[in-house]
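# Residue-level structure breakdown
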Amino acid sequence: MANNYYNQPLLHEIGASFGASDSEAAMVSTLTQAGYACGLLLLLPLGDLLERRKLILFMLAMSMLALVTFAGAATLPIAIAVAFAIGFSSIVPQLLPPVASQLAAPGKAGQAVGLVMGGLLLGIALSRFAGGVLGDFLGWRGVYWIAAGLMVVLFAALYRTLPVLAPTYAGSYRSLLLSLGGLVRRHAELNWLTLVAALQFAAFSLIWTTFAFHLRSMPGNYPASIVGLFALIGSGGVIAALTAGRLTDSMPPRLLLVAAAVCMLAAFAFFAQALTTLVWLVPAVMLLDLGMQVSHVTSMARILRLDASARSRLNTVYMATRFAGGAAGTVIGSVAWTHGGWNGVCTAGAALCLVATVIACIMPLRTTLEAG
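Residues numbered from 1 in each chain as written. Predicted model: local features only at pLDDT ≥ 70, side-chain atom pairs only at ≥ 80, totals over all residues. Heavy atoms only, no water.

### Brief notes about the nonpolar core
Of all hydrophobic cores here, the largest spans 112 residues; its most connected members are Phe 70, Phe 211, Phe 271 and Trp 342. Other than its neighbours up to four places away in sequence, Phe 271 contacts Ile 207, Phe 211, Leu 281, Ala 284, Val 285, Leu 288, Trp 342 and Cys 346. (Core = buried A, V, L, I, M, F, W, Y, C linked by side-chain atoms within 4.5 Å. Buried < 20%, exposed > 50% of the residue type's maximum accessible area, 1.4 Å probe, protein only. Contact = heavy atoms within 4.5 Å.)

See below:
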């Protein structure tokens, strides 16, 4: 999962190495997120159609090749194009939660998904830390060479440990993709959970895309390593992910989702205060990651219970839409930064979180009334 996020604390350095502006460098992050959304939409459903172990190993090999190509990119346009390939091939983390849900003991599916998602979210948080800190010492290319090596290690580990999992869908690839529409029509809960996730991830991506630019513009002219340290602070949200996974087995998801949405909205109030000092960024990052992780794990655990025979496809609808929101967030963040600076970024992020909070409060009640 880290492959999608190493670039965020390094965008200034990537742009500088090619003589590009911040807004041009931000396209690396945007295309990575867009590539991931496309990979989720076109490849993730294959988890129901193909044997998952072979699919996972194949995607790890493709990811390694993309990372090596990015590390050796000679121009920014090449780097941007390969960034799309990195995102497109990095779907392995989303193939694993349905596996965990399938293999879990009765009544423990939420806890199992929370455990896997905890590792996934830790990868997101630590990728920014590793990218920022290692980037200061090894340069951004060195970070991606290391990432490629880690894919080789993961390939060997999963080759030895993953069980063979029989497909659950017997149709063609075309009918597999068309069946996504049927899932959307049948499951109202899938729709509003997905919309909330897309809005929240747009706000999350918006902040982290512009975070390095903001720190560089502050009086201290802070380097990428400081971005990495803030990402490490946010990694405490992983503990919340593990807890949320257990709570979804015994608590109404609406309570967890509303609490998480309020946390993210409050985070932007703190971000808005951090114009010249780093102090306000500490609680802001903690609240943002806490809300994001709890909401994500709660939604994921709930969605995977809707239809046991379509877990990969349900995950496809949810994650593809969520990361489309993330890609949109990087674009919104870049535009807001260019035209409104940090205040513009915070205003845009708060607006996205506010809409998500309203939906999280209203839609569960509407779904319950319609069901009644």
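### A short note on the packing of helix H9 (residues 188–217) against helix H13 (residues 281–303)
Direction vectors running N to C along H9 and H13 enclose 155°, while the axes themselves pass 10 Å from each other. When the interaxial angle is binned, H9 and H13 end up roughly antiparallel. Here the hand of the crossing between H9 and H13 comes out left-handed. Of H13, the residues touching H9 (which contributes Glu 189, Leu 190, Leu 193, Thr 194, Gln 200, Phe 201, Phe 204, Ile 207, Trp 208, Phe 211 and Leu 215) are Leu 281, Val 285, Leu 288, Asp 289, Met 292, Ser 295, Ser 299, Arg 302 and Ile 303. Residues belonging to the contact of H9 with H13 are distributed by class as follows: 13 nonpolar, 4 polar and 3 charged. (Axes fitted to C-alpha atoms, helices over the stretch in contact; angles between N-to-C directions. Helix = DSSP H or I, 4+ residues; strand = E, 2+ residues; numbered from the N terminus. Parallel < 35°, antiparallel > 145°, perpendicular 65-115°, else oblique. Left-handed = near helix turned anticlockwise from the far one by under 90°. Nonpolar A, V, L, I, M, F, W, Y, C, P; charged D, E, K, R; others polar.)

### Some remarks on the environment of Val 184
Within the element layout of this structure, Val 184 appears in helix H8 (residues 173–186). Note on Val 184: relative accessible area 32%, which makes it partly exposed. Spatially, the C-alpha atoms of Val 184 and Tyr 318 are 9.8 Å apart, while their sequence positions differ by 134 residues. Excluding its chain neighbours within four sequence positions, the residues that come into contact with Val 184 are Leu 190, Asn 191 and Val 317.

### Here's the deal with the pattern of salt bridges
Inspection of the entire model under this criterion finds 4 salt bridges. Across the pair Glu 13 and Arg 216 runs a salt bridge, and its minimum N-O distance is 2.6 Å. In this pair, Glu 13 sits in helix H1 (residues 11–17) while Arg 216 sits in helix H9, placing the two residues 203 residues apart along the sequence. Close ionic contact of Asp 48 with Arg 52 constitutes a salt bridge, the shortest N to O distance being 3.5 Å. One exposure class covers both Asp 48 and Arg 52, and it is buried. (Salt bridge = Lys/Arg side-chain N within 4 Å of Asp/Glu carboxyl O.)

### Quick look at the side chain of Ser 29
Within the secondary structure layout, Ser 29 lies in helix H2 (residues 22–42). Once you skip the residues sitting within four places of it in the chain, Ser 29 turns out to touch Asn 7, Gln 8, Leu 11, Thr 209 and Thr 330.

### Details of the packing of aromatic side chains
A full pass over the atoms with the stated rule returns 14 aromatic pairs. Ring geometry for Phe 18 against Trp 140: centres 5.8 Å apart, planes inclined by 55°, an arrangement best described as tilted. With Phe 18 in the loop between H1 and H2 and Trp 140 in helix H7 (residues 109–161), this residue pair connects regions lying 122 residues apart in the sequence. Every member of this aromatic cluster is reached through a ring pair, and the members are Tyr 6, Phe 18, Phe 70, Trp 140 and Tyr 144. (Phe/Tyr/Trp six-rings, centres within 6.5 Å; stacked < 30°, edge-to-face > 60°.)

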